[in-house]
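Descriptive structure summary
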Amino acid sequence: MAIERTLSIIKPDAVAKNVIGQIYARFEAAGLKVVASKMAHLSQREAEAFYAVHKERPFFKDLVGFMISGPVMIQALEGENAILKNRELMGATDPKKADPGTIRADFADSIDANAVHGSDAADTACVEVGFFFPGMNVFSR
Ligand code: RTP
Ligand code: MG
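The protein chain goes by Nucleoside diphosphate kinase in an unreviewed UniProt entry, where it is assigned to Rhodoferax antarcticus ANT.BR. According to the UniProt record, the Cofactor (unreviewed entry) comment for the protein chain is "Mg(2+)". Of the protein chain, the UniProt comment under Sequence similarities (unreviewed entry) reads exactly: "Belongs to the NDK family."

Now the structure itself:
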């Protein structure tokens, strides 16, 4: 099994609910290390660039609007099988369909306000970590 890095964002709804620590505890319990982190309030331009893969989708405007509605907590996570492991911790995109005990089942309200983002594959993880954390800002141990 490979050591991977993945990009995670705690979205504005979960930051507003004051559950950053509870979500970090789940990463740690699953063996994922936080190797970079920063809080930010994204600009429209940053959010549009980050979610550019979705720009033709009908939900793009709402997604960008939501992601700039308040501060977010952005982190790079590192560990064995980190990309899939984080997706498993997150649960399904729609919290109504997310398995019990997942982050989205426990903290998300809707498919739009769904608490967390996580990279979905090795190539996107690499691009997304680099988008928010140019090499110098990642502290691997
Ligand atoms: P994310 O990228 O945020 O980790 O979520 P995901 O992979 O589970 O879902 P994705 O298909 O990449 O969609 C990105 C975000 O867009 C919103 N969305 N809304 N209304 C809709 O049908 C719809 N579909 C997706 C969600 O907030 C999703 O997290
Ligand atoms: Mg996605």
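Our focus in this paragraph is helix α2 (residues 20-29). Every buried residue of α2 is listed here: Ile23, Tyr24 and Phe27. Down the axis of α2, the buried side of the element spans an arc of 100°, and every buried residue falls inside it. In α2, those exposed residues whose orientation departs by more than 90 degrees from the buried face are Gly21, Glu28 and Ala29. Where α2 terminates, the next one or two residues include glycine 31, which has phi positive at roughly 85°.

Right, let's talk about helix α5 (residues 82-90) for a bit. When α5 is considered as a whole, its buried residues turn out to be Ala82, Ile83, Asn86 and Met90. Projected onto a plane normal to the axis of α5, the buried residues spread over an arc of 100° and lie on a single side. Looking at the buried positions of α5, the neighbouring elements they touch are β1 (3-10), α2, β3 (72-80), α6 (103-107), β4 (116-118) and α7 (122-132).

General note: in soluble globular proteins, nonpolar side chains tend to be found buried as a group. Ranked by size, the top nonpolar core spans 21 residues in total, and within it Leu7, Ile9, Met67, Ile74, Phe132 and Phe133 carry the most contacts. Broken down by element, the residue count for this core peaks at five residues, all from helix α4 (residues 60-67). Residues Ile10, Met73, Leu77 and Ile103 belong to the second largest nonpolar core, which totals 17 residues.

Conventions and cut-offs
- Residues numbered from 1 in each chain as written.
- Chains lettered and ligands numbered in written order.
- Predicted model: local features only at pLDDT ≥ 70, side-chain atom pairs only at ≥ 80, totals over all residues.
- Heavy atoms only, no water.
- UniProt positions renumbered as here; feature names shortened; annotations may be inferred.
- Buried < 20%, exposed > 50% of the residue type's maximum accessible area, 1.4 Å probe, protein only.
- Helix = DSSP H or I, 4+ residues; strand = E, 2+ residues; numbered from the N terminus.
- Arc of directions from axis to C-beta.
- Contact = heavy atoms within 4.5 Å.
- Core = buried A, V, L, I, M, F, W, Y, C linked by side-chain atoms within 4.5 Å.

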